[in-house]
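The chain contents come next:
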Amino acid sequence: LESCVDTAAIKQQMLQNNVDSLAAEKQSLESQIRDKDSQIQELASKVQLLDRINAEGQAKNEQIEKLKNRMKAFKDKYMLVNNGLKEAQQALHAHTNQAKILKSENKELIERVRQQKSEIRNLGKLVPTEKMKLQIVKSVRKQRDAMVVKKLAKITGMSEEECKAMCAGMKD
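Residues numbered from 1 in each chain as written. Predicted model: local features only at pLDDT ≥ 70, side-chain atom pairs only at ≥ 80, totals over all residues. Heavy atoms only, no water.

Caption draft 1: Quick peek at a nonpolar patch on the surface. Taken together, Leu-49, Leu-50 and Ile-53 make up a surface patch of nonpolar side chains, about 270 Å² in accessible area. Here Leu-49 shows up in helix α1 (residues 2-125). By relative accessible area, Leu-49 is classed as partly exposed at 37%. (Patch = residues over 30% accessible without salt bridge, like charges linked within 9 Å, V, L, I, M, F, W, Y side chains within 5 Å. Areas by Shrake-Rupley, 256 points an atom, 1.4 Å probe, with all protein chains shown as cover. Salt bridge = Lys/Arg side-chain N within 4 Å of Asp/Glu carboxyl O. Helix = DSSP H or I, 4+ residues; strand = E, 2+ residues; numbered from the N terminus. Buried < 20%, exposed > 50% of the residue type's maximum accessible area, 1.4 Å probe, protein only.)

Laid out in structure tokens, this is it:
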């Protein structure tokens, strides 16, 4: 019986050692589980952070796309305005050139009028006869008619001969 008791005590001691060993292993595994849980939580928070960063990145990309579209619309408007300005500049140059031509013609007319006034004064000093007066009037009318025909030809784009014929038709 003693031998059975000793064997039982040894077996009990072995079982106790196994229980202690299993308890230590259980604590080790529980500790490992806690470490893994902590790592999982860290990874989950990192995933959440990455998700948030990704969402912010997508929002920024959408803003960038909107800005690109606005910039393109602005560029299109700028091109339209720029083309309009170029057309306006060309029209202004054309009007400026036309004004220079008209100014030059006006100077010529003023000079002719001065010359004619001078001639008339000189003729007035000579006591003009009726015949001389008629010649002066005809000369002035001829010069005036010639200037009118030139201006009319320039404005209408017709030849001077056509304008003369048209003016002659109006006199009749």
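From this point on, the discussion continues.
Caption draft 2: Seen up close, the environment of Asp-20. Along the polypeptide, Asp-20 turns up in helix α1. Asp-20 sits 29 residues away from Leu-49 along the chain, and the two C-alpha atoms are 43 Å apart.

Caption draft 3: Structural context of the pattern of salt bridges. Across all of its chains, the model carries 6 salt bridges by this definition. Across the pair Glu-30 and Lys-26 runs a salt bridge, and its minimum N-O distance is 3.9 Å. With Glu-30 and Lys-26 both in helix α1, this residue pair falls 4 residues apart, about one helical turn. Owing to a relative accessible area of 34%, Glu-30 belongs among the partly exposed residues under this scheme. Across the pair Arg-144 and Asp-145 runs a salt bridge, and its minimum N-O distance is 3.5 Å. Residue classification places Asp-145 among the partly exposed residues on the basis of a relative accessible area of 23%.

Caption draft 4: View of the side chain of Glu-105. Turning to its location among the elements, Glu-105 is positioned in helix α1. Since its relative accessible area comes to 10%, Glu-105 is described here as buried. Not counting residues within four places of it along the chain, the set of residues in contact with Glu-105 comprises Lys-151 and Lys-154. (Contact = heavy atoms within 4.5 Å.)

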